[in-house]
Amino acid sequence: MNTKLLMTISALIMGMTGVALSFLPQEVSGSLGMPEAAAIILQVLGALYLGFAMINWTAKANLIGGIYSRPVALGNLAHFVIGALALAKLAFKDAGPTYLWVVALVYSVFAILFAYVFFTTPALKSSKYN
């Protein structure tokens, strides 16, 4: 599996989400129908997304899977599995809005991909000298 592509895409998605939540928390909370007091929680969540995006962006060139970069793979796996389960639970409750289904699907895809990366050993590139 091309983990560089997976890490890049996850970093970009989490980075864009983090920037939006960090710099536009009132607008996001208003558009989601949340109370204004929730804006600070969204801003902290944005900081978490930005931090995770930075980790994924800087680790994208590393060999990931099996014992290699295990903490990065495990952190991503936990984040996306727990997030996918929570979002799916909310989406199934009273047939949630369409955007919730889309986010739950994206989280589920990332959860599956990071589970694959975490539980498999990456293939080392062979050189012509082996």
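Above this text is the structure in question.
In this report, the structure presented in the accompanying data block is examined.

Calculation criteria
- Residues numbered from 1 in each chain as written.
- Predicted model: local features only at pLDDT ≥ 70, side-chain atom pairs only at ≥ 80, totals over all residues.
- Heavy atoms only, no water.
- Helix = DSSP H or I, 4+ residues; strand = E, 2+ residues; numbered from the N terminus.
- Buried < 20%, exposed > 50% of the residue type's maximum accessible area, 1.4 Å probe, protein only.
- Contact = heavy atoms within 4.5 Å.
- Expected span 1.5 Å × (residues − 1).
- Axes fitted to C-alpha atoms, helices over the stretch in contact; angles between N-to-C directions.
- Parallel < 35°, antiparallel > 145°, perpendicular 65-115°, else oblique.
- Left-handed = near helix turned anticlockwise from the far one by under 90°.

## Considering the overall build of the protein
Within the protein, the secondary structure is distributed over five helices and zero strands. Each helix (α) and strand (β) of the protein, taken in turn from the N terminus, gives the series α-α-α-α-α. With the principal axes as the frame, the protein shows a C-alpha extent of 60 × 30 × 20 Å. Taking all 130 residues of the protein together, the buried fraction comes to 35%. Put simply, 72% of the contacts in the protein that link residues at least 6 apart link residues at least 24 apart.

## Digging into the side chain of Asn56
Residue placement: Asn56 occurs in helix H3 (residues 39–59). We classify Asn56 as buried; its relative accessible area is 0%. Dropping the residues within four chain positions of it, Asn56 is found in contact with Met7, Ser10, Ala11, Met14, Val72 and Asn76.

## Looking at helix H4 (residues 70–92)
The end-to-end C-alpha separation of H4 is 32 Å, in line with the 33 Å expected for 23 residues at 1.5 Å each. Along H4, the residues that are buried comprise Val72, Ala73, Asn76, Leu77, Phe80, Gly83, Ala84, Leu87 and Ala91. Looking at the buried residues of H4, the elements they touch are helix H1 (3–23), H3 and helix H5 (98–119). The first or second residue beyond H4 is Asp94, which carries a positive phi of 55°.

## Some points on the packing of H1 against H3
Where H1 meets H3, the closest approach of the two axes is 7 Å, and the angle between their N-to-C directions is 155°. With respect to H3, the axis of H1 lies roughly antiparallel. H3 is crossed by H1, and the crossing has left-handed handedness. Across from Met7, Thr8, Ser10, Ala11, Leu12, Met14, Gly15, Thr17, Gly18, Val19, Leu21 and Ser22 in H1, the residues of H3 making contact are Leu42, Gln43, Leu45, Gly46, Ala47, Tyr49, Leu50, Phe52, Ala53, Asn56, Trp57 and Ala59.

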